[in-house]
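# Chains, contacts and geometry: an overview
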Amino acid sequence: MERGGTLFLEPDCPATHPHSTLHNGLISPVVLTELYRFALLLTGRGDSADRVLDAVVSDCERRIAQIRDESHRAAWLVARLRQSCMEPRPESPWAAEEAPSPTGGSEPALFDQGLQPEALILVRRFHALPEPERSALALFYLDLLGPEQIAQVLGLALEELSAVLARGRRQIESSLNPDFFQS
Amino acid sequence: MADADPELGVQLKGQVALDERLVRVIQSIEAPQGLITRLSAFTRSDSRGEGPLRSQLLHPAMLPVLLGVVVILAFLVWERVENAASFPGKGSVARMVAVAQGMNGTELEPTQSQAGQLADAFYIRGFEGFRLPPELERLPAVGSRVFKQSGHPIAQVAVDSHNALLYVFRSADFGLELPEDGQWRVFSQDAWGCALRHSGGLGTVIAFRGTTAEMHRFLLSLGHD
């Protein structure tokens, strides 16, 4: 899986590291989309992801320039987003509901945003994962941070991250119906 | 190593397939366009120096700008204060006050009356119509004289209060143009704190060595500021 890209647009300064948070303040739409996906996988709800990302980016934009080390900026932003996603919210999605069903009609927030059924299933399976497997796997599949930074955000050693990812893979795979892989 | 071990190779292929599949599905998720547009617009305007002024001001690069603004503001304030203290006839008043710097006390005729009771004495010496504002009338006078400046008489009284000197003159003689509102206008002249009042065609000056702040306090002690 090719991973890379620049977290922030930096027209005047070339990227020196694929995951550096090169930042002159411009968070690219591509990165915003990745951050939204991360929030969606963690919260399990489109409206929650929307709200949390809005709040975190609005808040972080005022502070992120104070972090001089660019390599720390992305990790800091992701850590803040993760922290906000983990906070209990009144609309917390599936705790009191039955097992997710793409046709059950219990996920209007996701369908309203045009998620494909397989994406909906995956979001709900992700949300059902325990921590830190959920965050580790989400960050591993998203194009935001390198392995070292993922480990740093989650407070794990690299060996521990590897074990967590392996465990998360097994859990997500076992939770998905074989049909999921046919399409 | 996985290529050499068939079982490990199958495991690895399965893992890669799972990863690719999940990445494809995740990448198919689109963020709400409204959210992206909103946040993009926010981060652009915030990052190009149009953000909160408070955070911009804290940036080290802004310090010279801040310093410049402070200097300009200080100049404007100084100019305003200077303009406020400036008035037609101020030059004559300044020369009046400056006369005291060359005095040694022998120029004054000793007296023990209240300052407000010197009208007759001044009349005899050639200054007609001497009158003091009420708040100065009861000050104890220790000496007085009449001297001339540009040919016009000025009544001068030394009072035993803050070592102050009082000057009374006809405003028309010295081109003094101030509203006759009975208000004290405080200003500094060299090392002297001064207060000037214009009323009834007379200008009255209080002067002592000190600051304008001390003059304000002095006026307050008289029940007037």
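Sequence order sets the numbering: in each chain, residues are counted from 1 along the sequence as written. Just so you know, chain letters begin at A and ligand numbers begin at 1, following the order they were written in. In keeping with the model being predicted, local features are shown solely for residues with a pLDDT of at least 70 and side-chain atom pairs are shown and tallied solely at 80 or more, while totals for entire chains, interfaces and linings include all residues.

This next bit is on the overall build of chain B. When helices and strands are tallied, chain B shows eight helices and seven strands. Residue burial here comes from a neighbour count, namely the number of other C-beta atoms, placed from the backbone, that lie within 10 Å of the residue's own C-beta, with 20 or more meaning buried, 12 or fewer meaning exposed, and in between meaning partly exposed. Relative to its full complement of 225 residues, chain B shows a buried share of 25%. Here the contact rule is simple: place C-beta atoms from the backbone, and any two residues whose C-beta atoms are within 7 Å are in contact. Looking at chain B alone, contacts between residues at least 24 apart form 51% of all its contacts between residues at least 6 apart. Numbered from the N terminus, helices here are DSSP runs of H or I no shorter than four residues, and strands are runs of E no shorter than two.

A tally of helices and strands in chain A yields eight helices and two strands. Walking chain A from its N terminus toward its C terminus, one meets helices and strands in the order β-β-α-α-α-α-α-α-α-α. Across the 183 residues of chain A, 45% fall into the buried class. Excluding contacts between residues fewer than 6 apart, the proportion of contacts in chain A whose partners are at least 24 apart in sequence is 63%.

What follows concerns the nonpolar core. If you look at the biggest cluster of nonpolar residues, it comprises 51 residues, and the most contacted ones within it are Phe38, Ala39, Leu53, Val78, Leu81 and Leu139 of chain A. When neighbours within four sequence positions are excluded, phenylalanine 38 of chain A is seen to be in contact with Val78, Leu81, Ala138, Leu139, Leu142 and Leu144 of chain A. The nonpolar core criterion groups buried Ala, Val, Leu, Ile, Met, Phe, Trp, Tyr and Cys residues into a set whenever they are joined through C-beta atoms within 7 Å. Grouped together as the second largest cluster of nonpolar side chains are 38 residues, Phe122, Leu139, Ile154 and Leu202 of chain B included.

Most of helix 6 (residues 133–141) of chain A sits inside the fold, with nine of its nine residues counted as buried. Here helix 6 of chain A has its buried residues at Glu133, Arg134, Ser135, Ala136, Leu137, Ala138, Leu139, Phe140 and Tyr141 of chain A.

All names here are of chain B. Tracing the backbone shows arginine 170 in strand 4 (residues 165–170). The exposure class assigned to arginine 170 is partly exposed, which follows from the 17 C-beta atoms found within 10 Å. A sequence separation of 40 residues divides arginine 170 from phenylalanine 130, and the C-alpha atoms of the two residues are 9.2 Å apart. The residues contacting arginine 170, other than those within four sequence positions of it, are Gly201 and Leu202.

Glancing now at the packing of helix 6 of chain A against helix 8 (residues 158–175) of chain A. For any two helices packed against each other, one specifies the inter-axial angle together with the distance between the axes. Residues and elements named next belong to chain A. Between helix 6 and helix 8, the least distance of the axes is 9 Å, while the angle of their chain directions is 90°. Taken together, the axis directions place helix 6 and helix 8 in an arrangement best described as roughly perpendicular. Where helix 6 approaches helix 8, its residues Glu133, Ala136, Leu137 and Phe140 are matched on the opposing element by Leu161, Val164, Leu165, Arg167, Gly168, Arg169, Gln171 and Ile172. Of the residues contributing to the contact of helix 6 with helix 8, the split by class is seven nonpolar, two polar and three charged. Orientation is described by lines fitted to C-alpha atoms, with helices fitted over the stretch in contact, and by angles between N-to-C directions that extend from 0 to 180 degrees. Just so you know how the angles are binned, under 35 degrees is roughly parallel, over 145 roughly antiparallel, 65 to 115 roughly perpendicular, and the rest oblique. Throughout, the ten residues Ala, Val, Leu, Ile, Met, Phe, Trp, Tyr, Cys and Pro are labelled nonpolar, Asp, Glu, Lys and Arg are labelled charged, and all others, Gly among them, are labelled polar.

Residues and elements named next belong to chain A. Expected helix span is given by 1.5 Å per residue-to-residue step, counting one fewer step than there are residues. The end-to-end C-alpha distance of helix 8, which contains 18 residues, comes to 25 Å, matching closely the 26 Å that a straight helix rising 1.5 Å per residue would cover. For helix 8, the complete set of buried residues consists of Leu161, Val164, Leu165, Gly168 and Ile172. For helix 8, the angular spread of the buried residues around the axis is 105°, confining them to a single face. Residues Glu159 and Ser174 are exposed on helix 8 and point more than 90 degrees away from its buried face. Buried residues in helix 8 make contact with helix 5 (117–128), helix 6 and helix 7 (147–154). Summarising the geometry, the arc corresponds to the directions from the helix axis toward the C-beta atoms.

So, about the confidence of the model for chain B. All names here are of chain B. You can read pLDDT as the predictor saying how much it trusts each residue, on a scale of 0 to 100. When pLDDT is averaged along chain B, the result is 82, and 83% of the positions lie at 70 or above. Low pLDDT, under 50, characterises residues 45–52; the predicted model gives this stretch 12 contacts beyond four residues in sequence or across chains. Prediction confidence for the complex, expressed as pTM and ipTM, is 0.48 and 0.75 respectively.

A few words on unusual backbone geometry. Here glutamate 131 of chain A and proline 132 of chain A are connected by a cis peptide whose omega angle stands at 5°. Considering the arrangement of structural elements, one finds proline 132 of chain A in the loop between helix 5 and helix 6. With a phi angle near 55°, aspartate 190 of chain B is a residue other than glycine that sits in the positive phi range. Checked against the element boundaries, aspartate 190 of chain B lands in the loop between strand 5 (185–189) and strand 6 (192–199).

A separate point is the pairing of strand 3 (residues 152–159) of chain B. All names here are of chain B. When you tally the buried positions in strand 3, you get six out of eight residues, the bulk of the element. Two strands are counted as paired when DSSP detects at least two bridges linking them. Counting the residues in the hairpin turn of strand 2 (residues 141–149) and strand 3 gives two residues, including serine 150, whose phi is positive at 55°. Hairpin geometry of strand 3 and strand 4 is characterised by an intervening segment of five residues between the two adjacent antiparallel strands and by a positive phi of about 60° at histidine 162.

Moving on to the pairing of strand 6 of chain B. All names here are of chain B. Counting buried residues in strand 6 gives seven out of eight residues, a clear majority hidden from the surface. Relative to strand 6, strand 5 runs antiparallel, the two sharing five bridges. Residue phenylalanine 187 lies in a different strand from strand 6, and its bridge partner there is cysteine 194. The antiparallel hairpin formed by strand 5 and strand 6 contains two residues in its connecting segment, where aspartate 190 sits at a positive phi of about 55°. When strand 6 meets strand 7 (residues 202–209), the two strands line up antiparallel, connected through eight bridges. The partner of leucine 196 across the bridge, within strand 7, is valine 205. Hairpin connection of strand 6 to strand 7: two residues between the antiparallel strands, including glycine 200 at a positive phi of 65°.

All names here are of chain A. Overall, the predicted model of chain A reaches an average pLDDT of 72, with 63% of residues at or above 70. Per-element confidence in chain A is highest for helix 6, whose mean pLDDT is 92, and lowest for strand 1 (residues 8–9), whose mean pLDDT is 41. Scored below 50 in pLDDT, residues 1–25 makes 55 contacts in the model with residues more than four places away or belonging to other chains. Residue range residues 94–112 is modelled with pLDDT below 50. Its contacts to residues more than four positions away, or to other chains, number 20 contacts.

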